[in-house]
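Chains, contacts and geometry: an overview
So you can see what is in the structure, the chains are spelled out below.
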Amino acid sequence: MGFPKDFLWGGATAANQYEGGYLSGGKGLATSDFITAGSMTEPRMIVIELENGERKAINRFEDVPSGARVVIDEQLYYPSHTATDFYNHYEEDIKLFAEMGFKGFRMSMTWSRIFPNGDDATPNEEGLAFYDKIFDLCGAYGIEPIVTLNHFDLPNHLAVTYQGWLDRKTIDFFANYCKVVFDRYKDKVKYWMTFNEINFLRDYSTLGITDASDLTKQNQAIYHLLLGSAKGVAIGHAINPEFKIGLMIANILFYPETCNPNDSIRMMELERGFKDFYYDVQCRGAYPNYKLKELERDHVELKKVPGDDEILKNGTVDFIGFSYYNSTVVSTSAESEQAGGNQFGAAKNPYLEASEWGWPIDPSGLRLVLNRLYDKYQLPLMIVENGLGAIDKVEEDGSIHDDYRIDYLRKHITEMKKAVEIDGVELWGYTPWGCIDLISAGTGEMKKRYGFIHVDLDDEGKGTLKRRKKDSFEWYRKVIASNGEELS
Ligand code: P53
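This report concerns the structure included in the present document.

1. Some words on the sheet that holds strand E4 (residues 69-71)
Taken in spatial order, the 3 strands of this open sheet run E3-E2-E4, and their pairing is antiparallel. The open sheet terminates on both sides in strands that have one partner only, identified here as strand E3 (55-59) and E4. For this sheet the average axis-to-axis angle between neighbouring strands, irrespective of direction, equals 45°. Pairing analysis gives 5 bridges linking strand E2 (residues 45-49) to E3, with the strands arranged antiparallel. If you follow Met 45 over to E3, its bridge partner there is Asn 59.

Shown next, in the form of structure tokens:
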């Protein structure tokens, strides 16, 4: 009973939010290095320079018009540049993870650390050596690295020169990156994921495209991205058949607001657009009919070349990795839509409480997600992100009492356990997000913290970077030591 003996308990991070060292060791600039901090009320921005030399800051999800150049404004604060400095603290941090008993550690590699421009003929040895040190250290502690190849960043040169994923060539640049790292780390890393939250990639910083809201451009870039992912999977399997290579999708759960069939139809449409399409392609190896029909309606004709269908077919994944933070309510009534105020025409869920950042907290939703995914695809699952972003207070004596975080995680682990014990879902691991404090992807804030380990850094980038254990550290250590039996 309970969790399997070799269950991968651990934690998750991403380079663009944690690694720092943005110019160290020969790393090239990444698109994420151009994103400023924001706040709960203000969006993160990027500064662009227009053809006439005029500079302006735009919301990072806004279209960068073609002809404009994205630049770094020295007056502004760019959180990725140092982040919480894994680059210089990895020994201390991995030791702390080991102390908690981690069996797995999810991290991402920075593509531009390996290929500074993205299209270089040879990789940057110093970058490769950096990750060797990380994986060796994990190995010494018996921690399995779970590596995301690309998490919300792109070598900026690929964006500037090729418009990133809009250009087919980027597929081969990515495939080459995969080949180099799979080959180099074939005996050190077994678990991989290609793109983080592939269903969220839409803008300049993730796809590298200008005029990103142009449906033809957007769909073509996403098509290339999916081909790149599939190629990567096939390359990995050829290099080491033991590799387990997964997809990674942001799995927000949807509920219809009422039993009005219209709500459910709307929900089906939104789920397909936001999630199902990405699961279907990466698990089944082809575009689903509903997507082909949508493209037809939108007058988007994908540019394909012979052999593409085979690439998608041969690059299906070994497991499903997903993030789960919250659920949302789909409504077709205009009033409810406004009350919920977000991108999914969402209404407020009266049955759930929300985090300080307004994210509804829905542990039972995790059990539903696990079951639905397993029923649909029959692939092993890994919860590679989950957690509570909250403001932590450091007491006089340096202690941090984050019982709210323990409460959130305990409830989610309890539901996860039901999915395994009662429902028989095949679950490989659980790596809660931001196991050590890092920069928020959504807002760029530091005060939105997820960690078991606190890092002394504020929203302006000031702080000693000192690491401190929160109360949740010891709690999680016991959870792991008891293989999920002791949750109190
Ligand atoms: P932050 C939005 C909604 C769900 C997941 O998010 C998301 C986002 C993007 O903000 O992203 C994932 O930091 C992502 C991580 C991110 C984490 O969720 O906004 O994979 O990079 O940090 C939490 O609180």
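2. Some points on helix H14 (residues 403-421)
Here H14 contains 19 residues, and its C-alpha end-to-end distance of 26 Å stays within 8% of the 27 Å for a straight helix at 1.5 Å per residue. Residues of H14 that are buried include every one of Arg 405, Ile 406, Tyr 408, Leu 409, His 412, Ile 413, Glu 415, Met 416, Lys 417, Ala 419 and Val 420, and no others. Buried residues in H14 make contact with strand E1 (8-12), helix H13 (363-377), strand E13 (381-385), strand E14 (427-430) and helix H15 (471-481).

3. Digging into the pairing of strand E6 (residues 144-150)
Burial runs high along E6: 6 of the 7 residues are buried. Here strand E5 (residues 104-108) pairs with E6 via 5 bridges, running parallel. By the bridge assignment, Phe 105 is partnered in E6 with Pro 145.

4. Focus: the nonpolar core
A general tendency of soluble globular proteins is for nonpolar side chains to be buried together. By size, the foremost hydrophobic cluster in this structure holds 135 residues, and its most contacted members are Phe 97, Trp 192 and Phe 322. What Trp 192 contacts, discounting residues up to four positions off in sequence, is Met 109, Val 147, Leu 149, Val 181, Phe 182, Tyr 185, Phe 243, Lys 244, Ile 245, Gly 246 and Phe 319.

5. Points about the sheet that holds strand E7 (residues 191-195)
Read around the barrel, 8 strands follow the order E1-E5-E6-E7-E8-E10-E13-E14 and close on themselves; strand pairing throughout is parallel. Each neighbouring strand pair of the sheet contributes to a mean axis angle of 30°, computed without reference to strand direction. Relative to E13, strand E10 (residues 319-323) runs parallel, the two being bridged by 4 bridges. Of the residues in E13, the one forming a bridge with Phe 322 is Ile 383. Across the sheet, helix H6 (residues 169-184) touches E6, E7 and strand E8 (244-250), and the angle it forms with E6 is around 160°.

6. Overview of helix H10 (residues 289-297)
Of all the residues in H10, the buried ones are Tyr 290, Lys 291 and Leu 295. One side of H10 holds all its buried residues, which, seen down the axis, span an arc of 140°. Opposite the packed face of H10, turned more than 90 degrees from it, sit the exposed residues Asn 289, Glu 296 and Arg 297. Close packing links the buried residues of H10 with helix H8 (215-239) and helix H9 (261-284).

7. Let's talk about the pattern of salt bridges
Here the structure, examined in full by the defined rule, presents 36 salt bridges. A salt bridge links Glu 19 to Arg 113; the nearest nitrogen and oxygen atoms lie 2.8 Å apart. With a gap of 94 residues between them, Glu 19 in the loop between helix H1 (15-18) and E2 and Arg 113 in helix H3 (residues 111-114) connect regions that are remote in the sequence. With respect to burial, Glu 19 and Arg 113 carry one shared label: buried. Within this structure, Asp 392, Asp 402, Arg 405, Asp 437, Arg 449 and Lys 470 form a network of salt bridges that share partners.

8. Topic: the environment of Phe 473
Counting through the fold element by element, Phe 473 comes out in helix H15. Judged by its relative accessible area of 3%, Phe 473 falls in the buried class. C-alpha of Phe 473 to C-alpha of Ile 114: the two residues are 359 residues apart in sequence and 33 Å apart in space. Those residues in contact with Phe 473, other than ones at most four positions away along the chain, are Leu 96, Glu 99, Met 100, Phe 452 and Ile 453.

9. With respect to the environment of Phe 182
Following the sequence through the fold, Phe 182 ends up in helix H6. The spacing of Phe 182 and Arg 467 is 285 residues in sequence and 32 Å in space, taken between C-alpha atoms. Look past the residues within four positions of Phe 182 in its chain and what remains in contact with it is Leu 149, Trp 192, Gly 232, Ile 235, Gly 236, Ile 239, Phe 243 and Ile 245.

10. Structural notes on the pairing of E1
Burial within E1 is extensive, with 5 of its 5 residues counted as buried. Burial along E1 is two-sided: Leu 8, Gly 10 and Ala 12 facing one way and Trp 9 and Gly 11 facing the other are all buried. Relative to E14, E1 is paired through 2 bridges, and the arrangement is parallel. Bridge pairing links Trp 9 to Tyr 430 in E14.

11. A look at the site of the ligand
Taken together, 15 residues form the shell around the ligand, and within it Glu 385, Ala 441, Gly 442, Lys 448 and Tyr 450 come nearest. One nitrogen or oxygen atom from the side chain of Tyr 325 is found 3.3 Å from an oxygen atom belonging to the ligand. The side chain of Trp 433 places a nitrogen or oxygen atom 3.2 Å from an oxygen atom of the ligand. Each residue belonging to the shell around the ligand can be placed in one class, and the counts come to 7 nonpolar, 5 polar and 3 charged.

Scoring rules and cut-offs
- Residues numbered from 1 in each chain as written.
- Predicted model: local features only at pLDDT ≥ 70, side-chain atom pairs only at ≥ 80, totals over all residues.
- Heavy atoms only, no water.
- Pairing = 2+ DSSP bridges.
- Helix = DSSP H or I, 4+ residues; strand = E, 2+ residues; numbered from the N terminus.
- Axes fitted to C-alpha atoms, helices over the stretch in contact; angles between N-to-C directions.
- Expected span 1.5 Å × (residues − 1).
- Buried < 20%, exposed > 50% of the residue type's maximum accessible area, 1.4 Å probe, protein only.
- Contact = heavy atoms within 4.5 Å.
- Core = buried A, V, L, I, M, F, W, Y, C linked by side-chain atoms within 4.5 Å.
- Arc of directions from axis to C-beta.
- Salt bridge = Lys/Arg side-chain N within 4 Å of Asp/Glu carboxyl O.
- Near = heavy atom within 4 Å.
- Polar contact = N/O pair within 3.5 Å; in protein donor to acceptor, adjacent residues only side chain to side chain.
- Nonpolar A, V, L, I, M, F, W, Y, C, P; charged D, E, K, R; others polar.

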